[in-house]
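Chain residues, written in single-letter form:
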2 protein chains.
Amino acid sequence: MAQKPGIPKGTRDFSPEVVAKRQYIISTIKHHFETFGFQPIETPSFENSDTLMGKYGEEGDRLIFKILNSGDYLAKANEALLANKDSLKLTSQITEKALRYDLTVPFARYVVQHQNDIEFPFRRYQIQPVWRADRPQKGRFREFYQCDADVVGSKSLWQEVELVQLYDNVFSSLGLSGATIKINNRKVLSGIADVIGAKDKLIDFTVALDKLDKIGEDGVKKEMLEKGITAEAIAKVQPLFNFTGSISEKLEKLSDLLATSEEGMKGVEELRFICDTITEMGLDKSILDLDVTLARGLNYYTGAIFEVTAPKEVALGSIGGGGRYDDLTGIFGLKNMSGVGISFGLDRIYLVLEALNLFPETVTEATKALFINFGTTEALYSMKAITKLRTMGYKVELYPDAAKIGKQFQHADKRGIPYAVLTGEAEMESNQFTVKNLTTGAQKSVSLDELIQQLDS
Amino acid sequence: MAQKPGIPKGTRDFSPEVVAKRQYIISTIKHHFETFGFQPIETPSFENSDTLMGKYGEEGDRLIFKILNSGDYLAKANEALLANKDSLKLTSQITEKALRYDLTVPFARYVVQHQNDIEFPFRRYQIQPVWRADRPQKGRFREFYQCDADVVGSKSLWQEVELVQLYDNVFSSLGLSGATIKINNRKVLSGIADVIGAKDKLIDFTVALDKLDKIGEDGVKKEMLEKGITAEAIAKVQPLFNFTGSISEKLEKLSDLLATSEEGMKGVEELRFICDTITEMGLDKSILDLDVTLARGLNYYTGAIFEVTAPKEVALGSIGGGGRYDDLTGIFGLKNMSGVGISFGLDRIYLVLEALNLFPETVTEATKALFINFGTTEALYSMKAITKLRTMGYKVELYPDAAKIGKQFQHADKRGIPYAVLTGEAEMESNQFTVKNLTTGAQKSVSLDELIQQLDS
């Protein structure tokens, strides 16, 4: 019985045009990853559930896709759980594998498992799909690619400098101007918490402060008070409510503000090294900015925090992020292994390039010439030329059937193939080809060498 | 608590070296797919279970990885099934998605779903992982890549000709000589069944005949008799027991043998066109052979059947296969859509290239030069050169920490980096770099331009 075909919600089919555009972004990112010395690894699509569960919080556990055990998976399941329909507790009894939720935890697992074969510091990149059982919505999918570059095994701040440059190099190659690379430091956030005397209120504080543009200073302060941050504490960080100017001016303000916090001052120092060096070296097409409200993955990062936002005119938000985490591999038993890394948001970058019309036309260029099929003899003559052209790297095709010529031209047209090549008795006798430019309609008789020149033009 | 890290059986981590080698094979295959006019598509890793179940036989259904529904998946499950621990019947109640088992069924689904956007004949390629809950063993994995090229929408035999050429072109680029591209035709097999008067015994017949080399003519005939094929029937196909010679000689024999079978003669005719054309055009590094015992996926293919075996000296068996299927999309309701395609076995090809030492050394070449880190000032000087070199596409790195020089050299050595670049006060003053060849130990002072020349050499 015929089924109406479809795909699971939150997943996508990619047509040739879309694959070509995605590959263009991926190969650009890969190229720059490699010039920076990052090396590719790949990990399995599914991991043992133990490896993933408990690493992303309770919400994360819920969003991990679990794979049903094969065979008689209920044989050893607990009867009481089945009778009570206890989905949550039964899961670990009937599944032991789960789909990758991100690339960071598998990377940590990889480093620990292969630590004896790895030469540290280890720079790896990984470009693979991940899966999340999230509610699908515009721009959020259940299957999507992550493109991560991380260095593990050194605390050197040169790596943070390089990661900023890496973002800029990739965006430059993609022709993308005006992305903002926002930087912050976990230690600066801790310093702010020290100063306001409320470590446990840090998230409430940054969330409120982040709304400064929208609800104004009074609104932010009101929210902070509601969240239980004292007026006294708020007064202490008054400079953050007018936190503008150049990066060095901002660093000066922070330096004054956090003078009493040792950790905070360490963060300022780190930020200063990174920002001063980048200023000295210059960026091509991106803007570096210091944003003290930046707090993504607060419990995870221990030093630098990065987030990249698309140019304002496209309003597409974050296109990348990352940071330093001093205990990446501790969950798998390998201590003192500091890591720092960044991620590129492939889907968002795709939307940005599309919105700004930045995909080069050549990206989706496929077959260059269609040889019209007039029958077996002519097709054999054509196929000999086609074979030679393909060996030289040209993308050329024979229309497979000796169909009506109109139909064959229509096929070339619909496929966007720029040239048609016609071969009849006259051409075969003189060892020539008639090549027709399908845009202009111009056609001429050429030798194989001349045909090659035409395809090159 | 620290966990001992590991991965599910039948899956693999790929180190940078292995990824580089796999990518070399994949990009070679992709290049040739594209010169033949194949265009890439991608489909989701998981499909609706309905799309996959029932398409690969009972055994296939069992080997498909099912994904547990999210949330309270037991809520609507049948109590009796739970109480009886009926794993088989419960599956469809608690899972609605499943991991891709091959690329052919998703392709058929794609063609039907997007038929209005596709210009036929449609040449697509697809290189993505598939998953099977098979018992893992040497060379058989639960996650592995398939590399498929198919044309759908034309019955032209030129496509079979091209697919043979495509195999040859890929193997030539990989430097692989002596692969045998075996061809057969489903209609010839039907013809044989006609002649022996036993359609239902065809598989038994070909399986037995395939053992000719191992157990000899008498052994094969004994097995055939045991399987219920009559002595009379066996006598009728006596020429198949001495089925040697050139392809044209084989075709002559088949032509005599199958003279009474209309379908059989159609198969001979198809084979003759394909083989004659290939003979006329020539192959570069591969051998075409006609093998009447070739019957892979018998119920699936309707015309040509292909299988490629590795050169005999490596004894690694099949490295690819394919064929024509006249009703690819019928299962999803689109009739009369003939397809023909081939697949490359990435893992097997990898083993073959490894065994024959055919991977070019450059494939695993990563970072070209390590800049030794002598401290912040020197590192900044180095980093300016590094930034310029990277923009030009060179893979260069700064050692991130000002560690002991011996440790830094050791790092370059272990990573197989061919050059070290040293910059001290003298170099900075004269705007030079000291470049050291880590193989020969030779070192000299050079300008940035000269350094670039060195890296190019």
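Residues numbered from 1 in each chain as written. Chains lettered and ligands numbered in written order. Predicted model: local features only at pLDDT ≥ 70, side-chain atom pairs only at ≥ 80, totals over all residues. Heavy atoms only, no water.

Within chain A one finds 18 helices and 16 strands. Computed over the C-alpha atoms, the radius of gyration of chain A is 29 Å, more than 25% above the 23 Å expected from 2.2 N^0.38 for a compact globule of 457 residues. Once the C-alpha set of chain A is aligned to its principal axes, its extents read approximately 95 × 65 × 45 Å. The proportion of buried residues among the 457 residues of chain A is 58%. Restricting the contact set of chain A to residue pairs at least 6 apart, pairs at least 24 apart contribute 68%. When the accessible surface of chain A is split by element, carbon and sulfur atoms take 48% of a total near 19,400 Å². Looking at chain A, you have 55 positive and 63 negative side-chain charges, and the mean spots of the two groups are 5 Å apart. (Helix = DSSP H or I, 4+ residues; strand = E, 2+ residues; numbered from the N terminus. Rg over C-alpha atoms; globule rule 2.2 N^0.38 Å. Buried < 20%, exposed > 50% of the residue type's maximum accessible area, 1.4 Å probe, protein only. Contact = heavy atoms within 4.5 Å. Areas by Shrake-Rupley, 256 points an atom, 1.4 Å probe, with all protein chains shown as cover. Lys, Arg positive; Asp, Glu negative; His and termini not counted. Charge placed at Lys NZ, Arg CZ, Asp CG, Glu CD.)

With that settled, consider the sheet that holds strand β14 (residues 419–422) of chain A. All names here are of chain A. The strand order across the open sheet formed by five strands is β13-β12-β14-β15-β16, and the pairing between neighbours is mixed. Where the open sheet ends on each side, the last strands, each with one partner, are β13 (396–398) and β16 (443–446). Going across the sheet, the axis of each strand differs from the next one's by a mean of 25°, ignoring polarity. With three bridges connecting them, strand β12 (residues 369–371) and β14 associate as parallel partners. Opposite Ala-369, over in β14, you have Tyr-419 as the bridge partner. Packed onto the sheet, helix α16 (residues 405–415) meets β12, β13, β14 and β15 (433–437) and runs at close to 160° relative to β12. (Pairing = 2+ DSSP bridges. Axes fitted to C-alpha atoms, helices over the stretch in contact; angles between N-to-C directions.)

Okay, the domain arrangement of chain A next. By the assigned domains, chain A splits into domain 1 (16–42 + 101–355), domain 2 (46–99) and domain 3 (366–456). Each of domain 1 of chain A and domain 3 of chain A was reduced to a C-alpha centroid, and the two centroids are 52 Å apart. (Domains from an automatic or database assignment.)

Looking now at the packing of aromatic side chains. Under the criterion given, the structure shown has 32 aromatic pairs over all chains. On the numbers, 6.2 Å between centres and 35° between planes, the contact of Phe-107 of chain B with Phe-122 of chain B is tilted. Pair noted here: Phe-107 of chain B is in helix α6 (residues 104–113) and Phe-122 of chain B is in strand β5 (residues 122–131), with a separation of 15 residues, a long-range link. Overall, the relative accessible area of 0% leaves Phe-107 of chain B in the buried class. For Phe-122 of chain B, a relative accessible area of 6% corresponds to the buried category. Centre to centre, the rings of Tyr-167 of chain B and Phe-171 of chain B are 5.8 Å apart; their planes meet at 10°, and the pair counts as stacked. Residue Tyr-167 of chain B and its partner Phe-171 of chain B are located together in helix α7 (residues 158–173), separated by four residues, close to a single helical turn. Each member of the pair, Tyr-167 of chain B together with Phe-171 of chain B, is buried. Through a chain of ring-to-ring contacts, the aromatic side chains of Phe-33, Phe-38, Tyr-125, Tyr-167, Phe-171 and Phe-344 of chain A assemble into a single cluster. (Phe/Tyr/Trp six-rings, centres within 6.5 Å; stacked < 30°, edge-to-face > 60°.)

All names here are of chain A. Here helix α1 (residues 16–35) crosses helix α14 (residues 346–355) at 110°, and the two axes come no closer than 10 Å. Between α1 and α14, the interaxial angle falls into the category roughly perpendicular. Two secondary-structure elements touch here, α1 through Val-18, Lys-21, Arg-22, Tyr-24, Ile-25 and Ile-26 and α14 through Leu-346, Asp-347, Ile-349, Tyr-350, Leu-353 and Glu-354. Of the residues that constitute the contact of α1 with α14, the class distribution is eight nonpolar, no polar and four charged. (Parallel < 35°, antiparallel > 145°, perpendicular 65-115°, else oblique. Nonpolar A, V, L, I, M, F, W, Y, C, P; charged D, E, K, R; others polar.)

What follows concerns the interface of chain B and chain A. Taken together, the contacts link 109 residues of chain B with 109 residues of chain A. Note on chain B versus chain A: buried area summed over both sides is about 9,100 Å², and carbon and sulfur give 57% of it. On the chain B side of the interface with chain A, the three residues burying the most area are Glu-42, Lys-85 and Trp-158 of chain B, jointly 8% of the side's total. Taken together, the links from chain B to chain A amount to 14 salt bridges. A salt bridge links Glu-119 of chain A to Lys-414 of chain B, with the nearest nitrogen and oxygen atoms 3.9 Å apart. Our count for the contact surface shared by chain B and chain A stands at 44 residue pairs in polar contact (both at pLDDT 80 or more). The element best represented in the side of chain B that touches chain A is helix α15 (residues 376–391) of chain B, accounting for eight residues. (Buried area = accessible area lost by both parts, 1.4 Å probe. Salt bridge = Lys/Arg side-chain N within 4 Å of Asp/Glu carboxyl O. Polar contact = N/O pair within 3.5 Å; in protein donor to acceptor, adjacent residues only side chain to side chain.)

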